[in-house]
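One-letter residues, chain by chain:
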Amino acid sequence: MSNKKISIIYLLFFIIPYIVCLLVVGISYNALVLHALTWRILAGGLIGAFGMFAVKVIAQRPVLIMYRSTTQKFLKGLINFFILERSKWVIGFNLIIDFFLSIGSIYLVAHVLTLSQIIGKTLGWLVLILMISLTLASYLEFETLSIYTEKKKK
């Protein structure tokens, strides 16, 4: 698999869904909590961090395949962020980063979107973007990133 193809798949399969999931955290929190920017934001950040961690856990096999296939140092560094099969320190650092990114997403959504937008159709659009992104990425390289292997007939 070429570095260009890995970059496109990484963008469609991980970066866009990661950003969309962060926005889902921010929108969901702001839709549920009327006083969004008080001490309750810490609970939202914590729940968001564990939710983002769960998203990363699901994607471990494709991430490892792409990490092993790429030859670009910069791309390896980006992909390395999603690899959780390492020390507890790296997992903890990932949770801390996701905690702060979740809080940032909550603040961003609260300051950029109006309450009617938050409660309206925003989540539907994000789910649509997520589905399109994942579908395109899966279409581009299903066989390489999949755990499904077809037996070849001789």
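Everything numeric in this text was worked out from a predicted model, so none of it was measured. (Residues numbered from 1 in each chain as written. Predicted model: local features only at pLDDT ≥ 70, side-chain atom pairs only at ≥ 80, totals over all residues. Heavy atoms only, no water.)

I'd like a description of helix α5 (residues 88-112), backed by residues and values.
Between its terminal C-alpha atoms α5 stretches 35 Å, which fits the 36 Å expected from 25 residues at 1.5 Å a residue. In the core, the buried residues of α5 are packed alongside α1 (3-32), α2 (41-58) and α6 (115-119). (Helix = DSSP H or I, 4+ residues; strand = E, 2+ residues; numbered from the N terminus. Expected span 1.5 Å × (residues − 1). Contact = heavy atoms within 4.5 Å.)

Go over the packing of α1 against α2, please, and point to the residues and values.
Orientation of α1 relative to α2, taken along the N-to-C sense of each, is 150°, at an axis distance of 10 Å. By the angle between their directions, the pair α1 and α2 is classed as roughly antiparallel. The chirality of how α1 crosses α2 is right-handed. Contacts between α1 and α2 pair Tyr18, Cys21, Leu22, Val25 and Tyr29 from the former with Ile41, Gly44, Gly48, Met52, Val55 and Lys56 from the latter. Class assignment for the residues of the contact of α1 with α2 results in 8 nonpolar, 2 polar and 1 charged. (Axes fitted to C-alpha atoms, helices over the stretch in contact; angles between N-to-C directions. Parallel < 35°, antiparallel > 145°, perpendicular 65-115°, else oblique. Left-handed = near helix turned anticlockwise from the far one by under 90°. Nonpolar A, V, L, I, M, F, W, Y, C, P; charged D, E, K, R; others polar.)

Residue-level account of the environment of leucine 126, with values.
Along the chain, the position of leucine 126 falls in helix α7 (residues 122-145). Overall, the relative accessible area of 8% leaves leucine 126 in the buried class. Along the backbone, leucine 126 and leucine 23 are 103 residues apart, and their C-alpha atoms lie at a distance of 7.9 Å. When residues no more than four places from it in sequence are discounted, the contact partners of leucine 126 are Val20, Leu23, Val24 and Ile27. (Buried < 20%, exposed > 50% of the residue type's maximum accessible area, 1.4 Å probe, protein only.)

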